[in-house]
Amino acid sequence: MRRKLLIYLLAISGLFVFLTACNQKNFTGIRVANPDSYSLDIEQMNGTDTHTLNLSEGDVLTIRFEAENGKLHMEIKAPDGTLIYTGNGEEATDFTVNISESGEYSVFVEAHKARGKIYIQRIAVQEEKK
């Protein structure tokens, strides 16, 4: 009976180690996060990353989002939680998003064996008028 219990516990421990290793979070690349910009130049990424942008009404976000390998997903949420962008970097790679309310905007990135690029830059209302 003890031998069966020991084998059972070892099997469960081995499964736990295997599953933990498969879902290990990692990031190889360059990450730059500022109040008005965010960029990931991803060589290899598993897991998630978040960043908050401080934006003003009338600002425009210029976005470049390319998924080269694996799965890469990004969401941008307004201060009230409204989803203003969601995508996988495969259809639209260069685009803009108009900001309709001032506040903190959340960027959420999820990756599975991914390689790619995400560049987000705020263009302020004043800068556009010059």
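Just above, that's the structure.
Model, not experiment: these values are computed from the prediction. (Residues numbered from 1 in each chain as written. Predicted model: local features only at pLDDT ≥ 70, side-chain atom pairs only at ≥ 80, totals over all residues. Heavy atoms only, no water.)

1. Section: the nonpolar core
Link 1 in the chain: Counting residues in hydrophobic clusters, the biggest one holds 25 residues, and the most contacted among them are Leu-61, Ile-63, Leu-72, Met-74, Val-109 and Ile-120.
Link 2 in the chain: Those elements that place two or more of their residues in this core are strand 2 (37-55), strand 3 (60-77), strand 5 (94-98) and strand 6 (103-123). (Core = buried A, V, L, I, M, F, W, Y, C linked by side-chain atoms within 4.5 Å. Buried < 20%, exposed > 50% of the residue type's maximum accessible area, 1.4 Å probe, protein only. Helix = DSSP H or I, 4+ residues; strand = E, 2+ residues; numbered from the N terminus.)

2. Focus: the side chain of Arg-122
Link 1 in the chain: When you line up the elements, Arg-122 lands in strand 6.
Link 2 in the chain: Among the polar contacts listed, one links the side chain of Arg-122 to the side chain of Asp-59, at a separation of 2.7 Å. (Polar contact = N/O pair within 3.5 Å; in protein donor to acceptor, adjacent residues only side chain to side chain.)

3. A few points about the pattern of salt bridges
Close approach of charged atoms lets side chains of opposite charge pair.
Link 1 in the chain: As enumerated under the stated definition, the model contains six salt bridges in all.
Link 2 in the chain: Between Asp-94 and Arg-64 there is a salt bridge, with its nearest N and O atoms 3.7 Å apart. Here the residue Asp-94 occupies a position in strand 5, and Arg-64 occupies one in strand 3, the gap between them amounting to 30 residues.
Link 3 in the chain: When the shortest N-O distance is used, the salt bridge between Lys-117 and Glu-68 registers 3.1 Å. (Salt bridge = Lys/Arg side-chain N within 4 Å of Asp/Glu carboxyl O.)

4. Re the packing of aromatic side chains
Link 1 in the chain: Overall, the coordinates contain two aromatic pairs when judged by the stated rule.
Link 2 in the chain: Through a chain of ring-to-ring contacts, the aromatic side chains of Phe-65, Tyr-85 and Phe-95 assemble into a single cluster. (Phe/Tyr/Trp six-rings, centres within 6.5 Å; stacked < 30°, edge-to-face > 60°.)

5. Here we look at the pairing of strand 2
Link 1 in the chain: When strand 1 (residues 26-34) meets strand 2, the two strands line up antiparallel, connected through nine bridges. Across the sheet, residue Arg-31 finds its bridge partner in strand 2, namely Leu-40.
Link 2 in the chain: Linking strand 1 to strand 2, which pair antiparallel, is a turn of two residues.
Link 3 in the chain: Across 16 bridges, the pairing between strand 2 and strand 6 is antiparallel. Residue Leu-40 lies in a different strand from strand 6, and its bridge partner there is Ile-118. (Pairing = 2+ DSSP bridges.)

6. Looking at the pairing of strand 4 (residues 83-87)
Link 1 in the chain: Sheet topology places strand 3 next to strand 4; four bridges connect them, and they run antiparallel. Note on strand 4: the bridge partner recorded for Met-74 is Gly-87.

7. Comments concerning the environment of Glu-110
Link 1 in the chain: Within the fold, Glu-110 resides in strand 6.
Link 2 in the chain: By relative accessible area, Glu-110 is classed as partly exposed at 30%.
Link 3 in the chain: A C-alpha to C-alpha distance of 6.5 Å links Glu-110 and Met-74, two positions 36 residues apart in sequence.
Link 4 in the chain: In this structure the side chain of Glu-110 is engaged in a polar contact, spanning 3.3 Å, whose partner is the side chain of His-112.

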